[in-house]
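Close look at the chain arrangement
Residue-level listing of the chains:
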Amino acid sequence: GGGGQRVVVIGLETLDAGLVAAMIGAGLIAGALNTLAGGGSLVLVPALMLTGMTATFANGTSRVAVLAQCAASVIGFARRGRLPTVAARTVVPPVLAGAALGAVLPTRMPDRVYEPMLLVTLTVMALAMLISPGRFRPPPDSAPRPATTPAAMLALFVAGIYGGVLQAGAGLVFLAILAGGLRYDLVAANALKALVMLIYIAGTVVVFASADHVVWGPALVLAVGAAIGAWLASQLAMSPRGLEITNKLVVVVAIGLAITVALR
């Protein structure tokens, strides 16, 4: 698949100890970032590209780590009774529909198209976060809005398409919709984001794996780190200082996005 692209096939047996440690570290950071704010794939994809993968293969392979991270986050939030499962019934369907459509596109997309599209998207996202960080958190003392309005369903559908195509930064897109738009508090928004992403990422992993766009050795190494990082971050998010830390992390991620774009 992938329009004749080639990839260095790397198995677990060919990953030396230093690279394994670095990838587990990258997974830890990405899992924590994705759980508390978003943007963890901006760590995962470059880490995978350092092993010799093209951007499109790194995009597919990173989904396995994101899947593990989302599962760990969901379990962490659910065990503390902070998972809004009722709200998920209205949020998940439009996201899933969009992701099903979006996941097919990158498997047919050459790198010369994918990489500029990723760069433009990251630029827009970084500017949005730096100019208007309030979009990524709800106003004080606000009540959640229903996700069943046409505008909300369209936004969730488009976010699903975005997550299916790129994934990098998808957590921030969902956070903007769930916290900034639908007014869920940051703990509920992050828990709901993890559940939504767990469901649609499982589907996209199947799509990418079927197209042979998943390199399983690095994927599993990253998944271990991502799951640990996500579990720890989910506990931190529910701590007394979790809201303050999450707010600051959104700003840090924005700066990191801006630096990433500038260096490109």
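This text gives an overview of the structure that appears in the document. (Residues numbered from 1 in each chain as written. Predicted model: local features only at pLDDT ≥ 70, side-chain atom pairs only at ≥ 80, totals over all residues. Heavy atoms only, no water.)

**A few points about the nonpolar core**
Ranked by size, the top nonpolar core spans 64 residues in total, and within it F174, L192, V196 and Y200 carry the most contacts. Taken together, the elements giving at least two residues each to this core come down to α1 (17-36), α2 (41-49), α3 (55-79), α4 (85-104), α6 (150-165), α7 (170-181), α8 (186-210) and α9 (216-237). Looking at this core element by element, the count peaks at 14 residues for α8. Dropping the residues within four chain positions of it, L192 is found in contact with P84, A87, A88, V91, L178 and Y184. (Core = buried A, V, L, I, M, F, W, Y, C linked by side-chain atoms within 4.5 Å. Buried < 20%, exposed > 50% of the residue type's maximum accessible area, 1.4 Å probe, protein only. Helix = DSSP H or I, 4+ residues; strand = E, 2+ residues; numbered from the N terminus. Contact = heavy atoms within 4.5 Å.)

**Let's talk about the side chain of N59**
Position of N59 among the secondary structure elements: in helix α3. Classification of N59 as buried rests on a relative accessible area of 1%. Within the local environment of N59, its side chain forms a polar contact with the backbone oxygen of V165, the two atoms lying 3.1 Å apart. (Polar contact = N/O pair within 3.5 Å; in protein donor to acceptor, adjacent residues only side chain to side chain.)

**Details of the side chain of S62**
Looking at where S62 falls in the secondary structure, it is placed in helix α3. Here N59 takes part through its backbone oxygen, which lies 2.9 Å from a polar atom of the side chain of S62. When residues no more than four places from it in sequence are discounted, the contact partners of S62 are L44, V45 and L48.

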